[in-house]
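# Descriptive structure summary
Chain by chain, the residues run as shown.
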Amino acid sequence: MKKILFLMAAVAMMVSCGNKQQAEGEGTKDAAEGFTFSVQNNITGTTGPNCFLPELGAPISFEVTGDGDILDVAATVKIKHSDKTEVKDARETSELWISGRDEDNKDTKITLTADEENQKKLVEWFPKAAGEEVDITFKAKVPKADLEKLNAKECTNTLVF
């Protein structure tokens with residue numbers, strides 16, 4: 001009977017330790033694959049010929065991939081149409097500016113651009129009625145150092161279209 005209990009305890013310990021090592025390995029792998037980036041606030045402003053179309057305050061979600069000094073950043077913004085309906089010619093490209101100050105009180109700014117597919121979605125959304133929503137993704141290759149300066153801070157987040 002003692003042998004069976006000892007065997008069960010040994011198996012339980014091996015399974016427990018094996019899962020812990022696997023979980024630790026996976027955590028290390030995930031941390032090496034990407035950099036987590038966020039800002040404290042949502043869209044704070046708009047500019048461009050169609051700047052009155054979206055409501056302010058749209059949430060931004062970031063996805064950062066890559067490794068090294070330059071990272072791929074994708075920012076998805078769910079914008080909601082305001083009650084303004086006056087549509088002007090769209091810019092050729094739309095952008096999302098994330099800007100703020102670093103610890104030395106120097107300006108830091110990253111610019112993300114809507115690709116052709118997202119630009120088309122945006123232009124189709126322009127004449128829609130108040131309340132209509134669309135998800136637009138802006139992308140760029142950004143120096144990791146700039147992301148670190150703005151990470152988890154209150155920034156000025158401007159849609160340009």
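Residues numbered from 1 in each chain as written. Predicted model: local features only at pLDDT ≥ 70, side-chain atom pairs only at ≥ 80, totals over all residues. Heavy atoms only, no water.

This part covers the pattern of salt bridges. Pairing is possible between side chains that carry opposite charge, provided their charged atoms lie close to one another. Under the definition given, this model contains seven salt bridges. A salt bridge links lysine 78 to glutamate 133; its shortest N-O distance comes to 3.9 Å. With lysine 78 in strand E3 (residues 70-80) and glutamate 133 in strand E6 (residues 133-143), this pair connects stretches of sequence that are 55 residues apart. The exposure class assigned to glutamate 133 is partly exposed, which follows from its relative accessible area of 44%. (Salt bridge = Lys/Arg side-chain N within 4 Å of Asp/Glu carboxyl O. Helix = DSSP H or I, 4+ residues; strand = E, 2+ residues; numbered from the N terminus. Buried < 20%, exposed > 50% of the residue type's maximum accessible area, 1.4 Å probe, protein only.)

This part takes up the packing of aromatic side chains. By the definition in use, this model includes three aromatic pairs. Seen from their ring centres, phenylalanine 126 and phenylalanine 161 are 5.7 Å apart, and the 40° between their planes marks the pair as tilted. Here the residue phenylalanine 126 occupies a position in the loop between helix H2 (116-125) and E6, and phenylalanine 161 occupies one in the segment after strand E7 (156-160), the gap between them amounting to 35 residues. Accessibility assignment for this pair places phenylalanine 126 and phenylalanine 161 in one class, buried. Directly above the aromatic system of tryptophan 97 lies the positively charged group of lysine 109, at a separation of 3.7 Å from the ring centroid. (Phe/Tyr/Trp six-rings, centres within 6.5 Å; stacked < 30°, edge-to-face > 60°. Lys NZ or Arg CZ within 6 Å of the ring centre and 35° of its normal.)

In terms of nonpolar packing, the biggest core is built from 32 residues, with Phe37, Ile79, Leu96, Ile98, Leu112 and Leu147 touching the most fellow members. Every element with two or more residues in this core is listed here: strand E2 (60-65), E3, strand E4 (95-101), strand E5 (107-114), H2, E6 and helix H3 (144-150). When residues no more than four places from it in sequence are discounted, the contact partners of leucine 147 are Phe35, Phe37, Val64, Leu71, Val73, Ile110 and Val142. (Core = buried A, V, L, I, M, F, W, Y, C linked by side-chain atoms within 4.5 Å. Contact = heavy atoms within 4.5 Å.)

With that settled, the discussion passes to the pairing of E2. Because side chains alternate across E2, one face comprises the buried residues Ile60, Phe62 and Val64, and the other comprises Ser61, Glu63 and Thr65, none of which is buried. With six bridges joining them, E2 and E3 adopt antiparallel strand pairing. If you follow isoleucine 60 over to E3, its bridge partner there is valine 77. Connecting E2 to the next strand, E3, in antiparallel fashion are four residues, including glycine 66 with a positive phi near 110°. (Pairing = 2+ DSSP bridges.)

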